[in-house]
Amino acid sequence: MTDLPFTFTLPMPEVIPSNYDNHIERRLSDLRGQCLDQEAYAAMLAQENSLVYEVYEIKRPEIAGEILMGVSIVHPGKVGREFYMTKGHFHTVINTAELYYCLRGEGFMVMETPEGDTDVQPLSSGRVLYVPPRWAHRSVCTSRQEDLVTFFAYPANAGHDYGTIEQLGFRKLVVDGSRGPEIIDNPRYQEQAAREP
Ligand code: PA5
Ligand code: NI
């Protein structure tokens with residue numbers, strides 16, 4: 001890893017960084033317990049452990065002052081009516097923000113704070129999204145054919161807290177409705193657990 005300035009490119013149409021250190025693949029099995037329609041989830045998983053999303057990471061030391069960057073690619077697909085999505089997380093150092101730049105595709109960023117504020121912002125090519133400190137975030141791909149591709153950057157000491165979302169879920173979900181994508185309250189959200197200290 002260099003401590004000198006460096007550049008890389010995000011060549012269209014694949015937008016895979018010209019240099020990267022990690023390629024993470026997340027499959028249906030990684031979304032266990034997260035999907036609205038658990039029966040549809042089990043049936044799909046029994047057929048095939050499909051690839052749901054991928055991340056290309058550019059490594060930096062995970063210390064304050066450094067910035068971690070990469071490209072996130074959520075593939076098109078649905079579990080029941082629910083569009084393919086990332087696991088989603090809070091940052092372990094909760095007071096850290098994240099910047100997203102959407103390079104390709106259509107979708108949403110589902111966000112919430114520990115206090116229960118929620119926000120869902122649209123993502124499409126050219127749109128920049130600022131996720132302020134304290135907001136958990138999950139990308140959702142709503143296109144039927146195209147990947148949702150975002151470039152992201154965040155403080156390298158932030159860390160990922162997946163456990164809170166694995167336990168409680170997100171308060172809002174994005175599902176396929178009769179007139180396109182719909183944002184609904186998550187009927188499986190673990191209200192009770194959320195109130196516990
Ligand atoms: O740092 C981020 O928020 C992104 O790079 C995500 O990690 C990426 O989109 C994959 O999502 P998750 O980490 O929730 O699996
Ligand atoms: Ni993040």
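This text gives an overview of the structure that appears in the document. These figures come from a predicted structure and were not determined experimentally.

Turning next to the overall build of the chain. What the chain contains, in helices and strands, is three helices and 15 strands. In terms of overall size, the chain behaves like a compact globule, its C-alpha atoms giving a radius of gyration of 17 Å where 197 residues would be expected to give roughly 16 Å. Its C-alpha atoms give the chain principal-axis dimensions of about 50 × 40 × 30 Å.

Right, let's talk about the coordination of the nickel ion (ligand 2) for a bit. Distances from the nickel ion (ligand 2) to its protein donors, H89 (NE2), H91 (NE2), E98 (OE) and H137 (NE2), fall at 2.1 to 2.3 Å. Binding-site remark: the nickel ion (ligand 2) is held by donors from one chain whose sequence spacing is H-x1-H-x6-E-x38-H. Each member of the pair H91 and E98 is classed as buried.

Membership of the largest hydrophobic core comes to 37 residues, with the highest contact counts inside it found for Y41, V79 and L129. With four residues, the single largest contributor to this core is strand β8 (residues 106–112).

Moving on, we get to the packing of aromatic side chains. Each aromatic ring pair is summarised here by two numbers: the centre-to-centre distance and the angle between the ring planes. In this structure the tally under the stated criterion is five aromatic pairs. Between F8 and F151, the aromatic rings sit 6.4 Å apart at their centres with planes inclined by 40°, giving tilted as the arrangement. Here F8, found in the segment before β1 (22–27), pairs with F151, found in strand β12 (residues 148–155); they are 143 residues apart in sequence, far enough to count as distant. Judged by relative accessible area, which is 18%, F151 ranks as buried. These aromatic residues form a ring-pair network of at least three members: F6, F8 and F151. One residue, R26, lies across the ring of Y162, its end atom 5.6 Å from the ring centre.

With respect to the helices and strands, L173 occurs in strand β14 (residues 172–177). For the pair formed by L173 and F83, sequence separation is 90 residues and the distance between their alpha carbons is 8.9 Å. Once residues lying within four places of it in the same chain are set aside, the contact partners of L173 are L36, E82, R138, E182, I183, I184, N186 and P187.

Before going further, it helps to spend a moment on the pairing of strand β9 (residues 118–124). Within a regular beta strand, the side chains point alternately toward one face of the sheet and then the other, so they alternate between its two faces. Across seven bridges, β8 lies against β9 in antiparallel orientation. By the bridge assignment for β9, M111 is matched with D119. Taking the residues between adjacent antiparallel strands as the criterion, β8 and β9 are bridged by five residues, where G116 takes a positive phi near 105°.

Looking only at helix α1 (residues 38–47), the buried set comprises A40, Y41 and L45. The buried side chains of α1 occupy one side of the element, clustering within an arc of 130° when seen end-on. For α1, the exposed residues lying more than 90 degrees away from the buried face are E39, A46 and Q47. Tucked inside the fold, the buried residues of α1 contact β4 (78–79). With a side-chain oxygen lying 3.3 Å from the backbone nitrogen of E39, the N-terminal cap of α1 falls on D37.

The subject of this paragraph is the environment of M1. You can see M1 is positioned in the segment before β1. Those residues in contact with M1 that lie beyond four places of it in its chain are K59, R60 and P61.

Take the sheet that holds β9 next. Read from one edge of the open sheet, three strands run β9-β8-β11, paired in antiparallel fashion. Sheet topology places β9 and β11 (136–141) at the edges, where each strand pairs with a single neighbour. Mean inter-strand twist for the sheet, computed between neighbouring axes without regard to direction, equals 20°. When β8 meets β11, the two strands line up antiparallel, connected through six bridges. Following the sheet pairing, V110 is matched in β11 by R138.

About the thresholds
- Residues numbered from 1 in each chain as written.
- Chains lettered and ligands numbered in written order.
- Predicted model: local features only at pLDDT ≥ 70, side-chain atom pairs only at ≥ 80, totals over all residues.
- Heavy atoms only, no water.
- Helix = DSSP H or I, 4+ residues; strand = E, 2+ residues; numbered from the N terminus.
- Rg over C-alpha atoms; globule rule 2.2 N^0.38 Å.
- Donors = N, O, S within 2.8 Å, 3.2 Å for Na, K, Ca; no water.
- Buried < 20%, exposed > 50% of the residue type's maximum accessible area, 1.4 Å probe, protein only.
- Core = buried A, V, L, I, M, F, W, Y, C linked by side-chain atoms within 4.5 Å.
- Phe/Tyr/Trp six-rings, centres within 6.5 Å; stacked < 30°, edge-to-face > 60°.
- Lys NZ or Arg CZ within 6 Å of the ring centre and 35° of its normal.
- Contact = heavy atoms within 4.5 Å.
- Pairing = 2+ DSSP bridges.
- Arc of directions from axis to C-beta.
- Polar contact = N/O pair within 3.5 Å; in protein donor to acceptor, adjacent residues only side chain to side chain.
- Axes fitted to C-alpha atoms, helices over the stretch in contact; angles between N-to-C directions.

Read these as geometric descriptors, not functional statements.
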